[in-house]
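# Notes for the structure review
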Amino acid sequence: MKKVYSVEEYIEENAHYGKALELLRSIILSTELEETIKWSFPVYTLKNKNVVSLGAFKNHFGIWFFNGVFLKDELNILQNAQDGKTKAMRQMRFETINDIDKNVVLAYVKEAIENQKLGKEVKPDRSKKEIVIPKELDEALKNNSNLKSSFKNLSNYKQREYCEYISTAKREATKQTRLEKIIPMILNGVGLNDKYKNC
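A brief look at the structure comes next. (Residues numbered from 1 in each chain as written. Predicted model: local features only at pLDDT ≥ 70, side-chain atom pairs only at ≥ 80, totals over all residues. Heavy atoms only, no water.)

## As for the overall build of the protein
Within the protein, the secondary structure is distributed over seven helices and six strands. Moving toward the C terminus, one meets the helices and strands of the protein in the order α-α-β-β-β-β-β-β-α-α-α-α-α. Computed over C-alpha atoms, the radius of gyration of the protein comes to 23 Å, more than 25% over the 16 Å expected from 2.2 N^0.38 for 199 residues, which places it beyond the range of a compact globule. Counting only C-alpha atoms, the protein reaches 65 × 35 × 30 Å along its principal axes. In the protein, once contacts between residues fewer than 6 apart in sequence are set aside, the share between residues at least 24 apart is 57%. (Helix = DSSP H or I, 4+ residues; strand = E, 2+ residues; numbered from the N terminus. Rg over C-alpha atoms; globule rule 2.2 N^0.38 Å. Contact = heavy atoms within 4.5 Å.)

## Overview of the side chain of N50
Among the secondary structure elements, N50 is positioned in strand β3 (residues 49–56). Separated by 2.6 Å, the side chains of N50 and K38 make a polar contact. When residues no more than four places from it in sequence are discounted, the contact partners of N50 are K38, W39, V43, Y44, T45, F66 and Q116. (Polar contact = N/O pair within 3.5 Å; in protein donor to acceptor, adjacent residues only side chain to side chain.)

## A closer look at the nonpolar core
Counting 33 residues, the largest nonpolar core has L33, F61, I63, F65, I100 and V105 as the members making the most contacts within it. Elements with a minimum of two residues in this core: α1 (7–13), α2 (18–29), β2 (41–46), β3, β4 (61–65), β6 (90–94) and α3 (102–117). The contact partners of I100, leaving out residues within four places of it in the chain, are A20, L23, L24, I27, F61, F94 and V105. Core analysis: the second largest hydrophobic core is formed by 15 residues, L154, Y165, I182 and L192 among them. (Core = buried A, V, L, I, M, F, W, Y, C linked by side-chain atoms within 4.5 Å. Buried < 20%, exposed > 50% of the residue type's maximum accessible area, 1.4 Å probe, protein only.)

## A look at α3
Note on helix geometry: an α-helix contains 3.6 residues per turn, so any two residues three or four positions apart are oriented the same way. In this model α3 runs 23 Å from its N-terminal to its C-terminal C-alpha over 16 residues, within 8% of the 22 Å that 1.5 Å per residue would give. Those residues of α3 lying buried are V104, V105, Y108, V109, E111, A112, I113, N115 and Q116. Its buried side turned inward, α3 meets α2, β2, β3, β4, β5 (78–80) and β6. Looking at where α3 begins, the residue whose side-chain oxygen comes 3.0 Å from the main-chain nitrogen of N103 is D101. Downstream of α3 by one or two residues, G119 has phi in the positive range, about 80°. (Expected span 1.5 Å × (residues − 1).)

## As for the environment of E22
With respect to the helices, strands and loops of the structure, E22 is situated in helix α2. Sequence separation of E22 and M89 is 67 residues, and the distance between their C-alpha atoms is 22 Å.

## Focus on unusual backbone geometry
Excluding glycine, a negative phi dihedral is what most residues carry, and trans is how most peptide bonds are arranged. For D73, which is not glycine, the phi dihedral falls at a positive 50°. Mapped onto the elements, D73 comes out in the loop between β4 and β5.

## With respect to α2
The terminal C-alpha atoms of α2, which comprises twelve residues, lie 16 Å apart, in line with the 16 Å expected from a rise of 1.5 Å per residue. Those residues of α2 not exposed but buried are G18, A20, L21, L23, L24, R25, I27 and I28.

## Topic: a nonpolar patch on the surface
Nonpolar side chains collect at one region of the surface, where V69, F70 and V122 lie side by side and expose about 190 Å² of accessible area between them. Summarising the element assignment, F70 is placed in the loop between β4 and β5. (Patch = residues over 30% accessible without salt bridge, like charges linked within 9 Å, V, L, I, M, F, W, Y side chains within 5 Å. Areas by Shrake-Rupley, 256 points an atom, 1.4 Å probe, with all protein chains shown as cover. Salt bridge = Lys/Arg side-chain N within 4 Å of Asp/Glu carboxyl O.)

Listed below in structure tokens is the structure:
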């Protein structure tokens, strides 16, 4: 997706929903929310906290509620963007401008603003997940003190990546192949996917 620097530019890039996006924008701007661009999407904030955003795609467009999980949604019109993954965000999806009921949209946006004022938000889980070392890796660590100290020096995130890499292999042979691949990487103090980062 092309990087955009203004809401006008975003609407221009999604001209097939231009009038509909303008309508949603005008409804949101009738409230106290402030308009900005984040991640190349129009985002509307209250005291620098994300409340709603606009999004347009090939076959639909809509409003994303950052903490939509707290909305009453009595009309049962909100959708979870990704079931099982998305905890807080909910979307109000449309296919044409005729699907937009101004009063409903405004009511939901106002409720989202009130929820934000009340401090209702899902905090990201920053707790340390327990690292379960698979038996193949555990044996290798016990038999090689250099490997063990190198592994301990890795961040929790990198340790977890290596453990999951081994434990997600279904066959024993694959686990062994993966183990042989990662031993030199651990000894070098690198993470499993470091080479893909900062590309």
